[in-house]
Amino acid sequence: MTIIVTGAAGFIGSNFILNWLSKNKETIINLDKLTYAGNLENLKSVECNPNYKCFLGDISDSKFISFILVKYKPRAILHFAAESHVDRSYHNPDTFIQTNIIGTYRLLEESRNFYNKLSVKDKKIFRFLHVSTDEVYGSLNKADHAFKETNKFYPNSPYSASKASADLLVRAWFHTYNLPVLITNCSNNYGPYQFPEKLIPLCIFKALKGENIPIYGDGQQVRDWLYVDDHCNGIADVLNSGRVGETYNIGGCNEKTNLEVVHTLCDLLDELCPRSDYKSYKEQITFVKDRPAHDSRYAINASKIINELGWKPKDTFNTGIRKTIQWYLANNGRLFSI
Ligand code: NAD
């Protein structure tokens, strides 16, 4: 049996492959375009694993996708590939439309062509799992209930709008063509191998470099943080036991303001890698002009995946963030080489 993972040279996809290969003997294929966010170094430790294969290409390239599907006959496609950075989506929405919408559409079409030719037995097994974000649901006020799978979509950035569009296409391919899809919408992830443009690795990088640690606006934006391995386990649970056509929210019940997150990072860095002058890294925190349409709060209600599939996060924010900082300190060449 084989599964295909798109975008697995990126942050979550590479963690997913490492996690998967540590527990499974099945062949796993990484299909990645290697944009600025992809890095095959993330997967160096499994490069020689006979169950791991990697093909470089674009999910929008129908011929390429079709070739891989026909050759490897996967039992599942896990679709992580995306343009994923909100700030970049303000400046260059085009690539977000191309990859997140057109790319997902092409992948769905090739999956449908492939699925239609499968035997009845193989059709029963096949799954197309689309990995998405809580940002599709928009922004919450302080007193609002956390996002449920039934919440309406109110995306506010080109990134979240493109992801919401992709989610809707995936849903439509289930209802119109019976493609057996699953969708996951997850909160903010953190952990090893994240590209250092995102909040946590960026702050560690700036702190260690002795530069200002920038925080948008007043830093009171709330995010629900989940350790990346817990997200990967949730995706595997949905793939193995999720009900076809359903959406599952995945979140850590770890709501924190950005400022709280950065304070925790500084406290841990003070402990694990003190500054040469023994002052706190907090001295480097600087507030910068907020970004446009900055959502004020995201929170996930994960009771569906918890109750239906028995998933629950293993790491709390405190255990996960300590492991994350230790990883970046041990691998700080990764931060400084970019
Ligand atoms: P990432 O930016 O780190 O990685 C994206 C990967 O996709 C890269 O390896 C890149 O080379 C590849 N890619 C981009 N365009 C491609 C294309 N056209 N064809 C093939 N490959 C392409 O992203 P990430 O943070 O790992 O996120 C993975 C998925 O999870 C995304 O779909 C994202 O929307 C979703 N998600 C992310 C988070 C988060 O906190 N990072 C939270 C919830 C959901």
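Here the structure is shown first, and the text comes after it.
Structural notes, computed from the coordinates. Every value quoted in this text rests on a predicted model; they were computed, and no experiment measured them.

Re the nonpolar core
Line of reasoning, step 1. Core analysis: the largest hydrophobic core is formed by 61 residues, its most contacted members being Phe16, Ile17, Ile28 and Leu78.
Line of reasoning, step 2. Ignoring sequence-local partners within four residues, the contact set of Ile28 consists of Ile3, Val5, Phe16, Ile17, Trp20, Leu21, Asn51, Tyr52 and Lys53.
Line of reasoning, step 3. Of all hydrophobic cores here, the second largest spans 23 residues; its members include Ile77, Phe114, Phe126 and Phe128.

What to know about the site of the ligand
Line of reasoning, step 1. Around the ligand sit 28 residues in total, of which Ile12, Asp32, Ser84, Tyr159 and Lys163 are the nearest.
Line of reasoning, step 2. At a separation of 2.9 Å, an oxygen atom of the ligand approaches a polar backbone atom of Gly10.
Line of reasoning, step 3. Take Ile12: an N or O atom from its main chain is 2.8 Å from an oxygen atom of the ligand.
Line of reasoning, step 4. Against a free-state accessible area of 830 Å², the protein chains account for coverage of 96% of the ligand.
Line of reasoning, step 5. For the shell around the ligand, the secondary structure elements donating two or more residues are α1 (11-21), β5 (127-133), α6 (158-177) and β7 (188-190).
Line of reasoning, step 6. Residue contributions to the shell around the ligand peak at three residues, all from β5.
Line of reasoning, step 7. Looking at the shell around the ligand residue by residue, the classes come out as 12 nonpolar, 12 polar and four charged.

Let's talk about the environment of Asp270
Line of reasoning, step 1. Within the element layout of this structure, Asp270 appears in helix α9 (residues 258-272).
Line of reasoning, step 2. Other than its neighbours up to four places away in sequence, Asp270 contacts Lys279, Ser280 and Tyr281.
Line of reasoning, step 3. Here Ser280 takes part through its side chain, which lies 2.7 Å from a polar atom of the side chain of Asp270.

Focus: the sheet that holds strand β11 (residues 255-257)
Line of reasoning, step 1. If you walk across this open sheet you meet the three strands as β7-β9-β11, and the pairing is mixed. Unpaired on one side and paired on the other, β7 and β11 mark the two borders of the sheet. On average, adjacent strands in this sheet sit at an angle of 50° to one another, irrespective of strand direction.
Line of reasoning, step 2. Note: β7 against strand β9 (residues 222-227), three bridges, orientation parallel. Bridge pairing in β9 places Tyr190 opposite Tyr227.
Line of reasoning, step 3. Sitting on the sheet, helix α8 (residues 228-241) touches β7 and β9, and the angle it makes with β9 is about 75°.

A word on the packing of aromatic side chains
Line of reasoning, step 1. Applying the stated criterion across every chain yields a total of 17 aromatic pairs.
Line of reasoning, step 2. Relative to Tyr72, the ring of Phe55 lies with its centre 5.5 Å away and its plane at 50°, an arrangement referred to as tilted. Taken together, the residues span a long stretch of sequence, with Phe55 in strand β3 (residues 52-56) and Tyr72 in helix α2 (residues 62-72) at a distance of 17 residues.
Line of reasoning, step 3. The side chain of Arg112 reaches across the aromatic face of Tyr177, ending 3.7 Å from its centre.

Focus: the pattern of salt bridges
Line of reasoning, step 1. Enumeration according to the criterion identifies 16 salt bridges in this entry.
Line of reasoning, step 2. Linking Glu26 and Arg75 is a salt bridge whose minimum nitrogen-to-oxygen distance equals 2.5 Å. You can see Glu26 sitting in the loop between α1 and β2 (27-32) and its partner Arg75 sitting in the loop between α2 and β4 (76-79), a full 49 residues away along the chain.
Line of reasoning, step 3. Judged by its relative accessible area of 17%, Arg75 is buried.
Line of reasoning, step 4. Among the ionic pairs, Lys33 bridges to Asp58, the shortest N-O distance being 3.3 Å. Of this pair, Lys33 sits in the loop between β2 and β3 while Asp58 sits in the loop between β3 and α2, and the two are 25 residues apart along the sequence.
Line of reasoning, step 5. For Lys33, a relative accessible area of 46% puts it in the partly exposed group.
Line of reasoning, step 6. A relative accessible area of 21% places Asp58 in the partly exposed class.
Line of reasoning, step 7. Within the structure, one salt-bridge network assembled from shared partners comprises Arg243, Glu246, Lys304 and Glu308.

Things to note about the packing of helix α4 (residues 93-116) against α6
Line of reasoning, step 1. Viewed as axis vectors pointing N to C, α4 and α6 meet at an angle of 15°, and their least axial separation amounts to 9 Å. Put simply, α4 runs roughly parallel to α6. The handedness of the crossing between α4 and α6 is right-handed. Mapping the contact onto sequence places Pro93, Phe96, Asn100, Ile101, Thr104, Tyr105, Leu108, Glu109 and Arg112 in α4 and Pro158, Tyr159, Ser162, Lys163, Ser165, Ala166, Leu169, Val170, Trp173 and Tyr177 in α6.
Line of reasoning, step 2. Of the residues in the contact of α4 with α6, the class split is 12 nonpolar, four polar and three charged.

Considerations on the sheet that holds strand β6 (residues 181-186)
Line of reasoning, step 1. Sheet architecture is open: seven strands sit in the order β3-β2-β1-β4-β5-β6-β10, paired in parallel fashion. At either margin of the open sheet sits one strand with a lone partner, and together these are β3 and β10 (247-250). For this sheet, the mean inter-axis angle between neighbouring strands, taken without regard to orientation, is 20°.
Line of reasoning, step 2. Summarising the sheet, β4 and β5 pair through four bridges and their orientation is parallel. Each residue of the ladder has a partner; that of His79, found in β5, is His130.
Line of reasoning, step 3. With respect to the sheet, α8 is in contact with β4, β5, β6 and β10, its orientation differing from that of β5 by roughly 145°.

Cut-off values and rules
Residues numbered from 1 in each chain as written. Predicted model: local features only at pLDDT ≥ 70, side-chain atom pairs only at ≥ 80, totals over all residues. Heavy atoms only, no water. Core = buried A, V, L, I, M, F, W, Y, C linked by side-chain atoms within 4.5 Å. Buried < 20%, exposed > 50% of the residue type's maximum accessible area, 1.4 Å probe, protein only. Contact = heavy atoms within 4.5 Å. Near = heavy atom within 4 Å. Polar contact = N/O pair within 3.5 Å; in protein donor to acceptor, adjacent residues only side chain to side chain. Areas by Shrake-Rupley, 256 points an atom, 1.4 Å probe, with all protein chains shown as cover. Helix = DSSP H or I, 4+ residues; strand = E, 2+ residues; numbered from the N terminus. Nonpolar A, V, L, I, M, F, W, Y, C, P; charged D, E, K, R; others polar. Pairing = 2+ DSSP bridges. Axes fitted to C-alpha atoms, helices over the stretch in contact; angles between N-to-C directions. Phe/Tyr/Trp six-rings, centres within 6.5 Å; stacked < 30°, edge-to-face > 60°. Lys NZ or Arg CZ within 6 Å of the ring centre and 35° of its normal. Salt bridge = Lys/Arg side-chain N within 4 Å of Asp/Glu carboxyl O. Parallel < 35°, antiparallel > 145°, perpendicular 65-115°, else oblique. Left-handed = near helix turned anticlockwise from the far one by under 90°.

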